[in-house]
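# Examination of the molecular architecture
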Amino acid sequence: MSIAVETAPAPVTFTEGAVKELFKLKDQQEIGEDFGLRVGVEGGGCSGMNYILGFDHKKDGDQEFMIDGIKVYMHKAHGLYLAGMQIDFQDGLNARGFTFNNPNAASTCGCGTSFSV
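Keep in mind that this is a model prediction, so the values were computed, not measured.

### Describing the sheet that holds strand S6 (residues 85–91)
- An order of S1-S6-S7 is seen for the three strands of this open sheet, with the pairing classed as mixed. Looking at the sheet topology across the chains shown, the edges are occupied by strand S1 (12–14) and strand S7 (96–101). Mean inter-strand twist for the sheet, computed between neighbouring axes without regard to direction, equals 25°.
- Of the pairings in the sheet, the one linking S1 to S6 comprises three bridges and is parallel in character.

Put into structure tokens, the structure is as follows:
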């Protein structure tokens with residue numbers, strides 16, 4: 001039995017810094033090959049929706065993409081909110097962590113992890 005991987009263009013992209021940090025986290029936390037990076041949204045936060053970013057198992061309704069060598073899982077319904085989004089990793093004095101540049105967000109909160117459409 002083969003597992004299909006989406007051949008359509010991935011709805012999100014990663015900067016070089018994000019890719020490096022994701023591989024580093026995966027190695028440090030000894031995350032197995034049966035996990036992929038879940039990218040998605042959930043209700044909540046100051047602006048109405050929060051981003052989901054973390055390693056997880058594939059679930060029913062997920063699409064699977066290979067982006068820069070990283071297996072990515074995304075629920076089909078979340079593509080509407082995330083299409084064209086770029087995920088970056090900042091490691092500076094003013095900010096440290098993953099940031100989301102989402103062209104679909106009508107507004108974002110000050111922390112950058114919550115948005116509205």
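### Let's talk about helix H1 (residues 16–28)
- For H1, which comprises 13 residues, the first-to-last C-alpha distance of 18 Å matches the rise-based estimate of 18 Å (1.5 Å per residue) to within 8%.
- Listed as buried for H1 are Ala18, Val19, Glu21, Leu22 and Lys26. Looking straight down H1, one finds that the buried residues subtend no more than 165° of arc, so they occupy a single side. Summarising the geometry of H1, the exposed residues directed more than 90 degrees from the buried face are Glu16, Lys20, Asp27 and Gln28.
- Of the surrounding elements, those touching the buried residues of H1 are S1, strand S2 (36–43), strand S3 (49–56), strand S5 (70–75), S6 and S7.

### Focus on the packing of aromatic side chains
- Taken as a whole, this structure holds two aromatic pairs when the rule is applied.
- Relative to Phe100, the ring of Tyr51 has its centre 4.3 Å away and its plane inclined at 15°; by these criteria the two rings are stacked. In this pair, Tyr51 sits in strand S3 while Phe100 sits in strand S7, placing the two residues 49 residues apart along the sequence. With respect to burial, Tyr51 and Phe100 carry one shared label: buried.
- Considering the side-chain rings of Phe89 and Phe98, the 5.0 Å spacing of their centres and the 65° angle between planes classify their relative orientation as edge-to-face.
- Accessibility expressed as a relative area gives 13% for Phe89, which makes it buried.
- When its relative accessible area of 22% is taken as the criterion, Phe98 is described as partly exposed.

### Some points on the pattern of salt bridges
- The final tally for this structure, using the stated rule, is eight salt bridges.
- Across the salt bridge formed by Lys59 and Asp56, the nearest N and O atoms sit 3.2 Å from each other.
- Given a relative accessible area of 47%, Lys59 falls into the partly exposed group.
- The shortest N-O distance in the salt bridge between Asp91 and Arg96 comes to 2.6 Å.
- The exposure class of Arg96 is exposed, given its relative accessible area of 56%.
- A cluster of three or more residues bridged by salt bridges with shared partners is formed by Arg38, Asp56, Lys59 and Asp62.

The rules behind these values
Residues numbered from 1 in each chain as written. Predicted model: local features only at pLDDT ≥ 70, side-chain atom pairs only at ≥ 80, totals over all residues. Heavy atoms only, no water. Pairing = 2+ DSSP bridges. Helix = DSSP H or I, 4+ residues; strand = E, 2+ residues; numbered from the N terminus. Axes fitted to C-alpha atoms, helices over the stretch in contact; angles between N-to-C directions. Expected span 1.5 Å × (residues − 1). Buried < 20%, exposed > 50% of the residue type's maximum accessible area, 1.4 Å probe, protein only. Arc of directions from axis to C-beta. Contact = heavy atoms within 4.5 Å. Phe/Tyr/Trp six-rings, centres within 6.5 Å; stacked < 30°, edge-to-face > 60°. Salt bridge = Lys/Arg side-chain N within 4 Å of Asp/Glu carboxyl O.

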